[in-house]
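One-letter residues, chain by chain:
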Amino acid sequence: MGFYRDAGLTFEDFRLLGVRIDCVVGLDEKEGKEKKSTNAGRPSRWYVDSDFRPNLSIYELEKALAFICRAPNLDASIRKSIYIFRTLFAYERRLQGDCIDSSDYTRRHPSVARVITTLRDTSIPWLYNKNDMPIGPKGVHWEELSANYGKLPLYSNVYTLLGFSETEEQKKERLRQHFDSIIPQDQRRDFLDIVSQDLLGRSFNELETLVEEDAKRSKFPFPTRPIQDWDRLRAHAKEIFRGTDNVTYEQRTRSVRRSPIPKKEIRIYLENQYQIGHGHDTACQLCHRATSDYEACQLFVKPLKDLPPLHLALCPHCATKFRRQREEARYAGFIETLRHLLPESLGLNAPFKLPFGDQELWFTQLHVAEITALLGLMGTKQIRSAQHDDP
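What comes next is a walk through the structure.

How each quantity is defined
Residues numbered from 1 in each chain as written. Predicted model: local features only at pLDDT ≥ 70, side-chain atom pairs only at ≥ 80, totals over all residues. Heavy atoms only, no water. Helix = DSSP H or I, 4+ residues; strand = E, 2+ residues; numbered from the N terminus. Areas by Shrake-Rupley, 256 points an atom, 1.4 Å probe, with all protein chains shown as cover. Phe/Tyr/Trp six-rings, centres within 6.5 Å; stacked < 30°, edge-to-face > 60°. Lys NZ or Arg CZ within 6 Å of the ring centre and 35° of its normal. Contact = heavy atoms within 4.5 Å. Buried < 20%, exposed > 50% of the residue type's maximum accessible area, 1.4 Å probe, protein only. Pairing = 2+ DSSP bridges. Axes fitted to C-alpha atoms, helices over the stretch in contact; angles between N-to-C directions. Parallel < 35°, antiparallel > 145°, perpendicular 65-115°, else oblique. Nonpolar A, V, L, I, M, F, W, Y, C, P; charged D, E, K, R; others polar. Core = buried A, V, L, I, M, F, W, Y, C linked by side-chain atoms within 4.5 Å. Left-handed = near helix turned anticlockwise from the far one by under 90°. Polar contact = N/O pair within 3.5 Å; in protein donor to acceptor, adjacent residues only side chain to side chain. Salt bridge = Lys/Arg side-chain N within 4 Å of Asp/Glu carboxyl O. Arc of directions from axis to C-beta.

1. Re the overall build of the protein
Phase 1: Counting secondary structure elements, the protein contains 15 helices and 16 strands.
Phase 2: When the accessible area of the protein is evaluated, it comes to approximately 23900 Å², of which 51% is carbon and sulfur surface.

Right, dumping it as structure tokens:
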């Protein structure tokens, strides 16, 4: 502008000559196009009551896009692209909002400014990538754009409105950087405390404590109970198998199981196998996490003998999952695998792992050995009968 200033020309002179100082149009228009009303004879218009400007656009935007399309390699095309893109950020709060029907204030129509509609509908690649090659916004991440656009904001609704792509990791990183840029280091804990109270009803300190406790529950050596003497184990299994009365079933409105083994005795057995250290938590055999409220789940739907080793220690969630899968046809193969395990396959001081659906059931060596011994004392017919809840 120095040349014109030296010649004595001002901005007002340019206005008188018809030169536009600002290429943004529709900035002062808060009403949309006239539309037919539901009330006969009373036409109405869309209007807005916020910063949104439905008619906002750039003067002769279509011609600028056509120019970029015809000569994408010209410096003038790149400058036009830069102006268009930077203008969107400058007027970001006016690009999206609700249009309200003047004849019915309850009717709101979410809308975008005309400049966004034009840029979204065009097939012309009006942006430039890092290699200064023309591209469109759809399917492109904004970080791939040319450095000629300057430093772009990390977080902006403009990217969403134009249809830029973004992976979940890119979104997280962008939000993380945005968070770092707007929240001072010494205020972040207070901010997180407010957010956690609003969303979860817990303070941030309470959440930290819960995470620490959960981490402790998920990191522990799974219990192991090595086998001292296989012959003594088999003899003990035979003794308790023969010395325990069979389970009886009373036919009432439904079949009710009456076990001669107290539930307390079953829980004592499982706690001896899967108690973690000297605490009160028990290791779940299916998810392998610590639980303070485990359930003793029978291996069979309708067991012949309700012996303690024929139970699993499972957390409530895994217990529900196990009982559901226990009734599936493939469960018979799982029982047969347990029944025919060989002593040398059990290992020494590591939990024995057996595939179960899409997970693994973990056993102490002593527990799985006693299961194998007891299943060996049961006939094939008895095992099949115990797997089905037949009347």
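2. Here we look at the packing of aromatic side chains
Phase 1: Counted by the stated rule, this structure contains 13 aromatic pairs.
Phase 2: Ring centres 5.5 Å apart and planes at 50° place the aromatic pair Phe179 and Phe191 in the tilted group. Highlighted residues: Phe179 in helix α7 (residues 168–182) and Phe191 in helix α8 (residues 188–200), separated in sequence by twelve residues.
Phase 3: Counting every residue linked through ring pairs, the aromatic cluster contains Phe85, Phe89, Trp126, Trp142, Tyr149, Tyr159 and Phe164.
Phase 4: The ring of Phe67 has Lys80 lying over it, and the distance from NZ or CZ to the ring centre is 5.0 Å.

3. Observations regarding the environment of Arg326
Phase 1: The topology assignment puts Arg326 in helix α12 (residues 316–326).
Phase 2: As a C-alpha pair, Arg326 and Val301 span 25 residues in sequence and 7.4 Å in three-dimensional space.
Phase 3: The residues contacting Arg326, other than those within four sequence positions of it, are Gln298, Leu299, Phe300, Val301 and Tyr331.

4. Quick look at the pairing of strand β15 (residues 352–356)
Phase 1: Going residue by residue along β15, you find Phe352, Leu354 and Phe356 tucked away on one face and Lys353 and Pro355 left uncovered on the opposite face.
Phase 2: In this sheet, strand β16 (residues 359–363) lies alongside β15 in antiparallel orientation, the contact comprising five bridges. Across the sheet, Phe352 pairs through a bridge with Phe363, a residue of β16.
Phase 3: Hairpin connection from β15 to β16: two residues lie between these consecutive antiparallel strands, with Gly357 at a positive phi of about 65°.

5. Brief notes about the packing of helix α13 (residues 331–339) against helix α14 (residues 365–377)
Phase 1: In the contact formed by α13 and α14, the axes pass within 8 Å of each other and the chain directions differ by 100°. When the axis of α13 is compared with that of α14, the two are roughly perpendicular. Residues Ile335, Leu338 and Arg339 of α13 form the contact with α14, whose own contacting residues are Val368, Ile371, Thr372, Leu375 and Gly376.
Phase 2: Considering only residue class, the contact of α13 with α14 consists of five nonpolar, two polar and one charged.

6. Remarks on the nonpolar core
Phase 1: Counting residues in hydrophobic clusters, the biggest one holds 48 residues, and the most contacted among them are Leu299, Leu314, Phe322, Phe334, Leu338, Leu361 and Phe363.
Phase 2: Here this core gets six residues from one element, more than from any other, and that element is α14.
Phase 3: Each residue touching Phe334, except ones within four places of it in the same chain, is listed here: Leu299, Leu354, Pro355, Phe356, Leu361 and Phe363.
Phase 4: By size, the runner-up hydrophobic cluster in this structure holds 37 residues, among which are Ile116, Ile135, Leu145 and Leu161.

7. Thoughts on the packing of helix α3 (residues 61–70) against helix α5 (residues 114–121)
Phase 1: Viewed as axis vectors pointing N to C, α3 and α5 meet at an angle of 30°, and their least axial separation amounts to 11 Å. With respect to their mutual orientation, α3 and α5 come out roughly parallel. The hand of the α3/α5 crossing is right-handed. Between α3 and α5, the contacting residues are Leu61, Glu62 and Leu65 on the first element and Val115, Thr118 and Leu119 on the second.
Phase 2: For the contact of α3 with α5, the class distribution of residues is four nonpolar, one polar and one charged.

8. Concerning unusual backbone geometry
With the exception of glycine, most residues fall at negative phi, and the peptide bonds are largely trans.
Phase 1: Positioned with a positive phi, Asp132 is a non-glycine residue whose angle comes to about 60°.
Phase 2: Accessibility expressed as a relative area gives 32% for Asp132, which makes it partly exposed.

9. Re the side chain of His288
Phase 1: Tracing the chain through its elements places His288 in the loop between β11 (282–283) and β12 (290–291).
Phase 2: Only 3.4 Å separates the side chain of His288 from the backbone oxygen of Gln285, close enough to count as a polar contact.
Phase 3: Within polar-contact distance, the side chain of His288 engages the backbone oxygen of Glu360 at 2.8 Å.
Phase 4: Not counting chain neighbours up to four residues away, the residues in contact with His288 comprise Phe220, Phe222, Glu360 and Trp362.

10. A few points about the side chain of Lys321
Phase 1: Of note, Lys321 is situated in helix α12.
Phase 2: For Lys321, a relative accessible area of 17% translates into the label buried.
Phase 3: Setting aside its immediate chain neighbours within four residues, Lys321 contacts Asp358 and Gln359.

11. Brief notes about the pattern of salt bridges
Phase 1: Scanning all chains against the criterion turns up ten salt bridges.
Phase 2: Taking the shortest distance from any N to any O, the salt bridge between Arg339 and Glu336 comes out at 3.6 Å. Linking Arg339 with Glu336, this pair stays in helix α13, spanning three residues, or about one helical turn.
Phase 3: Assessed through its relative accessible area of 16%, Arg339 is described here as buried.

12. Here's the deal with α3
Phase 1: The complete set of buried residues in α3 reads Leu61, Ala64, Leu65 and Ile68. Projected onto a plane normal to the axis of α3, the buried residues spread over an arc of 100° and lie on a single side. Of the residues in α3, the exposed ones pointing more than 90 degrees away from the buried face are Lys63 and Arg70.
Phase 2: On its buried face, α3 is in contact with β4 (57–58), α4 (75–90), α5 and β7 (127–128).

Note that every value here comes from positions in space, so none of it alone points to a role or purpose.
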